[in-house]
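Next come the chains, spelled out residue by residue.
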Amino acid sequence: MSVPTAAMHATLIGGHGFIGRHLQAQLRSLGWTCDVPLRDDVSLFQRDLGHVFYCAGLTADFRQRPYDTVEAHVALLSNVLQQASFLSLTYLSSTRVYAGASTTDEGAALQVRSHVSGDLYNISKLMGESLCLNSQRDVRVIRLSNVYGLHMPAQNFLSDVLTSAAKDKCVVFRSSPASQKDYIAVQDVVRCLPVIASHGTCGIYNLASGVNVSNAYIAAILQKLGVRCEFLENAPDISFPDINIAKTSALCGAPHHKLATDLPILYSHYCETP
């Protein structure tokens with residue numbers, strides 16, 4: 001494969017998922033060629049992969065599938081880093097790794113607890129990050145916040161909220177009104193990923209909106225749309241720190257989308273979808 005072709009060719013590992021499908025459409029619209037192999041495709045190690053976007057991973061069901069989580073986040077990645085030929089590799093990690101951290105810049109010291117089942121996700125993502133950053137290959141690590149958009153996976157918190165809102169015109173929140181986290185539109189994610197892969201340098205990039213949104217704020221928007229919102233009594237406060245996006249914004253610009261603007265559009269889509 002010639003350099004000009006390879007420079008505009010992408011291989012999406014785990015590319016059949018939510019982000020992968022949107023990324024493939026974005027890359028093709030920009031004139032890239034894309035390959036979306038199955039995870040057990042041995043030809044991964046027999047051809048030039050161009051720019052690899054490593055999207056493989058588990059989300060809500062990682063507690064029930066710990067071995068699959070480590071396989072996706074670490075084991076397959078290790079094989080690709082050791083054996084595959086590529087121009088660059090962009091590994092999708094998560095801003096969940098900042099839980100309990102005092103700062104959220106890309107160089108922050110992070111906390112994990114091996115005996116806590118919920119930390120398996122963070123530990124496996126950090127192991128994947130460490131493999132990338134110590135591989136002596138051309139890599140970028142993308143710490144993604146909570147990605148929303150059309151065709152979100154069913155286990156997604158926002159998808160659950162919108163499904164209940166559309167079906168029952170009522171949402172019961174199981175975390176407190178003050179609970180808050182960062183949400184980023186999938187359109188912003190797939191706009192930035194090719195830029196970081198092509199023009200970024202080796203290292204870690206936070207890809208987030210930079211502004212947390214509370215459950216109370218989401219409920220207020222839905223109530224204006226005619227949805228009744230309730231909160232369980234003594235619901236836990238689940239909050240994450242604001243994400244520092246200065247590094248990514250300097251390369252890609254500020255996010256173009258806001259959840260406050262997009263939520264009514266998403267709600268309409270869920271109402272129209274059987």
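Above this text you will find the structure in question.
S.K.: What am I meant to see in the nonpolar core here?
M.R.: The nonpolar side chains of a soluble globular protein tend to be buried, and buried together. In terms of nonpolar packing, the biggest core is built from 49 residues, with Phe53, Leu158, Leu162, Ile218 and Leu222 touching the most fellow members. Sorting elements by how many residues they give to this core places helix α6 (residues 186–199) first, with seven residues. Judged by nonpolar contacts, the second largest core, of 18 residues, contains Leu76, Val80, Phe86 and Cys132.

S.K.: Explain the packing of helix α5 (residues 157–168) against helix α9 (residues 259–272) to me, please; I cannot follow it from the model alone.
M.R.: Each packed pair of helices is defined by two parameters, the angle between the axes and the distance between the axes. It is the contact of α5 with α9, at a shortest axis distance of 9 Å, that shows an interaxial angle of 55°. Viewed along their axes, α5 and α9 adopt a mutual orientation that is oblique. In this structure, the crossing between α5 and α9 has a hand that is right-handed. Touching Leu158, Ser159, Leu162, Thr163, Ala165 and Ala166 of α5 are Leu259, Leu263, Leu266, Tyr267, Tyr270 and Cys271, all from α9. When the residues that make up the contact of α5 with α9 are grouped by side-chain class, the tally is 10 nonpolar, two polar and no charged.

S.K.: Is there a simple way to explain the sheet that holds strand β10 (residues 212–214) in this structure?
M.R.: Sheets are built from strands that pair by backbone hydrogen bonding, the pairs being arranged parallel or antiparallel. Here we have three strands laid out as an open sheet, ordered β6-β8-β10, and mixed in their pairing. Sheet topology places β6 (146–148) and β10 at the edges, where each strand pairs with a single neighbour. Looking at each pair of strands side by side, their axes are set apart by 55° on average, direction ignored.

S.K.: I'm lost on α5 in this one. Help?
M.R.: Note on helix geometry: an α-helix contains 3.6 residues per turn, so any two residues three or four positions apart are oriented the same way. Over its 12 residues, α5 runs 16 Å from end to end, which matches the ideal 16 Å to within 8%, given 1.5 Å per residue. Restricting attention to buried positions, one finds in α5 the residues Leu158, Ser159, Val161, Leu162, Ala165 and Ala166. An end-on view of α5 places all buried positions within 160° of arc, on one side of the element. Of the surrounding elements, those touching the buried residues of α5 are β6, β7 (170–173), β8 (180–185), α7 (215–224) and α9. Capping the start of α5, Asn156 holds a side-chain oxygen 2.8 Å from the backbone nitrogen of Leu158, two or three residues further along. Where α5 terminates, the next one or two residues include Lys169, which has phi positive at roughly 55°.

S.K.: Is there a simple way to think about unusual backbone geometry in this case?
M.R.: For residues that are not glycine, phi is negative in most cases, and the peptide bond is trans in most cases. Even without glycine at this site, His151 takes up a positive phi of about 65°. Tracing the backbone shows His151 in the loop between β6 and α5. With phi around 55°, Lys169 is a residue other than glycine that occupies positive phi space. If you trace the backbone, Lys169 turns up in the loop between α5 and β7.

S.K.: In this structure, what is going on with the environment of Ser159? I would like to understand it.
M.R.: Following the sequence through the fold, Ser159 ends up in helix α5. Residue classification places Ser159 among the buried positions, given a relative accessible area of 3%. Note: C-alpha distance between Ser159 and Ile218 (59 residues apart in sequence) is 12 Å. With residues up to four places along the chain from it excluded, the contact list for Ser159 reads Met152, Pro153, Ala154 and Tyr270.

S.K.: Just checking my understanding: could you explain empty space enclosed by the protein for this structure?
M.R.: Empty space among the atoms becomes visible once a probe the size of a water molecule is rolled across them. Scanning the entire structure with this criterion turns up one cavity of 30 Å³ or more. Within this model, the largest cavity holds a volume of roughly 60 Å³. Among the secondary structure elements, those contributing two or more residues to the lining of the largest cavity are α6, β9 (203–207) and α8 (246–252). Per element, the largest residue contribution to the lining of the largest cavity is three residues, and it comes from α6. For the lining of the largest cavity, a count of residues per class yields six nonpolar, four polar and two charged.

S.K.: How do you make sense of the packing of aromatic side chains when you look at a structure like this?
M.R.: How two aromatic rings sit relative to each other is set out by the distance from centre to centre and by the angle between their planes. Tallied over the full model, the rule gives four aromatic pairs. With 6.4 Å between their ring centres and 55° between their planes, Phe157 and Phe173 make a pair best called tilted. With a gap of 16 residues between them, Phe157 in helix α5 and Phe173 in strand β7 connect regions that are remote in the sequence. On the accessibility criterion, Phe157 (24% relative accessible area) is partly exposed. Arranged with centres 4.7 Å apart and planes meeting at 20°, the rings of Phe173 and Phe231 form a pair that is stacked. Note that Phe173 is positioned in strand β7 and Phe231 in strand β11 (residues 228–231), a separation of 58 residues in sequence. Classification of Phe231 as partly exposed rests on a relative accessible area of 27%. Counting every residue linked through ring pairs, the aromatic cluster contains Phe157, Phe173 and Phe231. A cation over an aromatic ring shows up here: Arg96 above the ring of Tyr121, its NZ or CZ 4.9 Å from the ring centre. Positioned above the aromatic ring of Tyr205, the side-chain terminus of Lys247 is 4.3 Å from the ring centre.

Reading the values: rules and limits
Residues numbered from 1 in each chain as written. Predicted model: local features only at pLDDT ≥ 70, side-chain atom pairs only at ≥ 80, totals over all residues. Heavy atoms only, no water. Core = buried A, V, L, I, M, F, W, Y, C linked by side-chain atoms within 4.5 Å. Buried < 20%, exposed > 50% of the residue type's maximum accessible area, 1.4 Å probe, protein only. Helix = DSSP H or I, 4+ residues; strand = E, 2+ residues; numbered from the N terminus. Axes fitted to C-alpha atoms, helices over the stretch in contact; angles between N-to-C directions. Parallel < 35°, antiparallel > 145°, perpendicular 65-115°, else oblique. Left-handed = near helix turned anticlockwise from the far one by under 90°. Contact = heavy atoms within 4.5 Å. Nonpolar A, V, L, I, M, F, W, Y, C, P; charged D, E, K, R; others polar. Pairing = 2+ DSSP bridges. Expected span 1.5 Å × (residues − 1). Arc of directions from axis to C-beta. Polar contact = N/O pair within 3.5 Å; in protein donor to acceptor, adjacent residues only side chain to side chain. 1 Å grid on protein atoms, 1.4 Å probe; cavity = no way out; pocket = protein on both sides within 12 Å on 5 of 7 lines; lining within 4 Å. Points joined across faces, edges and corners; volume = space filled by probe spheres on them. Phe/Tyr/Trp six-rings, centres within 6.5 Å; stacked < 30°, edge-to-face > 60°. Lys NZ or Arg CZ within 6 Å of the ring centre and 35° of its normal.

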